[in-house]
Structures are given as structure tokens and as C-alpha cells.
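# Chains, contacts and geometry: an overview
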Amino acid sequence: MPSAPVPSTRPALAPEVADFYRTQSVFSDPGDLVAHYARLPTDPAQLARITRDLMIHRGEGDLFGHTHPLDRLHHDADARYVDDILRIVVERDGSPLGRRRAAGDRFVGICRDFALLHCSLLRHSGIPARVRSGFADYFRADGFHCDHVVTEYWDEARGWLLADPQLTDPEITAAWYVDFDPMDVPRDRFQVAGRAWRDIRGGDADPDTYGVYPPEDGPLNGEWFVAGNVRLDLAALNKVETLLWDVWGPDVEDEGAEEDPRTMTEPLRALYDRASRVVAPDDVSFQDARRLFAEQYGLRTPKTVLSLSEYNSPRHVTLRPFN
């Protein structure tokens, strides 16, 4: 008798989940610039390198031997939508997107922009993808976990993988502490925000080791900062991929005036405890993430957010309609 077939151990992605994450969001949609995606490869790693070669992080000037023009520092990274990002890219260099740009012709952004563009290219190729917000330990050697955003994409053989398109240029990556495949970032090297929150709340991590920089260098770190990233990650799992300095939630008054975001109360901690239970697992429950975002005031993104850009004055921004 022929031997019985061996059951497949490959993970399966539910059709409604696959359809959701391979469809562009309002933020990732290239819009009328979609023609520039023609003839690009469909391999996730190649798309990550294309993303890398179109962008420069606003903190990478020294690595490229380049000084960013002041107006680009003020305006590029405030582009919320991929069509606006692409418009800037092609205005500076109209070559096909697969062509590596000189530093002076690149979009001057941050990690969120790399992840969002990579996500857009993956979705266009029919690959389920989403943006994830959290903290990376590979930009510093002192144990500090830097605020960071990466792509999470579906691999038919291995399931959801984390990819960091910023790491795909070896000459640049040599300046950091990377000893892994940038298309499969270990989940202990990049912690999604919910996992960081749970480690902090469980006493297994020091909140002062999470943020933009350590406490001695400024206030953008600690428990309150991780909580904000939990909110951003939940939104991104629902394809609302806002700017990292778009603020909303229970720490902002209804009329939009900012309260001290560093104030954490027990009800707030309980809210983020609940959210982290949804967004922390390696395999997030799609239904739970959708339900929590839709139903929980203070976590779902409103139509208008408060933008606290580093280079521009605080202002209220009404987002394009989403979901």
C-alpha cells in the first residue's frame, strides 16, 4: 500500500485575513502614482532593498556623508501617505523606482516611512503585509531599546515574519549591531510594543530602557512612551498607519488640548494591559485586534489627530477617511 501523505506543517492564513492585509490602506495606497510600480520585482527582499535605496533616514546624514536640507527635515517625514511620498521621490528623480537614488535625491524620512513604503510594495505584489510599531535593540550597544517601526509580511512557508528594510544596505547596516537576516528579524531583537509593555508591567524590563533615547538625553522614554506605541501598533494592525507623532487617546482631551502624556494612572495602565494582551502575541488574533480597535474609545484613531512633529508647530490634522 502507498504510504499515507504527511500532513502539511505549513501555517495557514485565513482568507479574510489574507485579503485584508494584501489590500492597500488609505495610507499605503500609491493612488495615481501606481504606474511607477510596474515591472518591479515581487520578491520581499528585493522590494525591501528598493525601499532602502529610495529613502534616507533623517538621522543617517553622517552615514551617507550628506547634510539634509532644512526644508526636507521639516516637511518630508510629515508626509502621511505613500502617494505623497512617491510624489516627492519622483519629483527629485524621475527614474524607475528600481534605480538607487543618490543621498540628495532620496525622501528624508524615518523608520515608519521605510516600513510603510515596503508594505505598500508588498501589498501591490499580492503579499499580505502590515506595519508594526515597537522597539529595536540593534541601533545601540548599551541595552537601550530604540523606538522603531518595521514591516511584518506573510511567508507561505514560515508564517508572519518581521522585516526591517532599513537594514538591507550592508554598507549602512555595518554601523549598527545586526547579526541576522533583515528579512527575518528575531522577535527578541525587535519587540512589538505590546510585548515590551507586558515585560515592563511584569517587572522583567526597565521602562527607562525603552524610547527614542535614554532618560539622561531627554523625556521621550519610559512607561508612558511604550503605552503610546501600543496604541500605534494596534492602529497599524487595523491598517491605520499614522505618523508616530500623531496623538490621540485617553491622554488627550476631547477638544484636543494636550495633557502631560507622561502621566500614567491605574485606569490607563489597565487599558494598555488589555490592549497588550491582543497585540503582544507573535500570532495576533485578527478578530480581537479588529474588535478592540473598533470598540475601545481611547484606542481607536479619530478622524482628527493632534500632530506633535519635532520640526513643526503642534496642529490638528483631519485624516483622509479610513476603514
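Predicted model only: the values in this text are computed from it and were never measured. (Residues numbered from 1 in each chain as written. Predicted model: local features only at pLDDT ≥ 70, side-chain atom pairs only at ≥ 80, totals over all residues. Heavy atoms only, no water.)

### Observations regarding the side chain of R106
Note on placement: R106 falls in the loop between helix 5 (82-92) and strand 2 (107-109). The buried charged residue R106 lacks any salt bridge partner; its closest oppositely charged side chain belongs to D53, at an N-O distance of 4.1 Å. Apart from the residues within four sequence positions on either side, R106 is in contact with R52, D53, L54, M55, I56, F64, R72, D76, R92, R100 and R101. (Helix = DSSP H or I, 4+ residues; strand = E, 2+ residues; numbered from the N terminus. Buried < 20%, exposed > 50% of the residue type's maximum accessible area, 1.4 Å probe, protein only. Lys, Arg positive; Asp, Glu negative; His and termini not counted. Salt bridge = Lys/Arg side-chain N within 4 Å of Asp/Glu carboxyl O. Contact = heavy atoms within 4.5 Å.)

### With respect to the packing of helix 2 (residues 44-54) against helix 6 (residues 111-124)
Direction vectors running N to C along helix 2 and helix 6 enclose 140°, while the axes themselves pass 9 Å from each other. Comparing their axes, helix 6 and helix 2 come out oblique. Handedness of the crossing formed by helix 2 with helix 6: right-handed. Here P44, L47, A48, I50, T51, R52 and L54 of helix 2 come into contact with helix 6, specifically with F114, L117, H118, L121 and L122. When its residues are assigned to classes, the contact of helix 2 with helix 6 shows 9 nonpolar, 2 polar and 1 charged. (Axes fitted to C-alpha atoms, helices over the stretch in contact; angles between N-to-C directions. Parallel < 35°, antiparallel > 145°, perpendicular 65-115°, else oblique. Left-handed = near helix turned anticlockwise from the far one by under 90°. Nonpolar A, V, L, I, M, F, W, Y, C, P; charged D, E, K, R; others polar.)

### Brief notes about unusual backbone geometry
Leaving glycine aside, a negative phi is the common case for residues, and trans is the common case for peptide bonds. For R39, which is not glycine, the phi torsion reads 70° and is therefore positive. Tracing the chain through its elements places R39 in the loop between helix 1 (15-22) and helix 2. Judged by relative accessible area, R39 falls into the exposed class, the value being 82%. Even without a glycine there, the phi angle at K239 is positive, about 65°. By the secondary structure assignment, K239 is in the loop between helix 9 (223-237) and strand 8 (246-247).

### A short note on the packing of aromatic side chains
The description of an aromatic ring pair rests on the distance of the ring centres and on the angle between the ring planes. Summed over the entire model, instances satisfying the criterion amount to 13 aromatic pairs. On the numbers, 5.1 Å between centres and 20° between planes, the contact of F27 with Y81 is stacked. Of this pair, F27 sits in the loop between helix 1 and helix 2 while Y81 sits in the loop between helix 4 (70-75) and helix 5, placing them 54 residues apart in sequence. Under the relative-accessibility criterion, Y81 is labelled buried at 7%. One aromatic cluster is present, formed by F20, Y21, W154, W160 and F286 through successive ring pairs. Across from the ring centre of W248, 5.4 Å away, lies the NZ or CZ of R231, which sits over that ring. (Phe/Tyr/Trp six-rings, centres within 6.5 Å; stacked < 30°, edge-to-face > 60°. Lys NZ or Arg CZ within 6 Å of the ring centre and 35° of its normal.)

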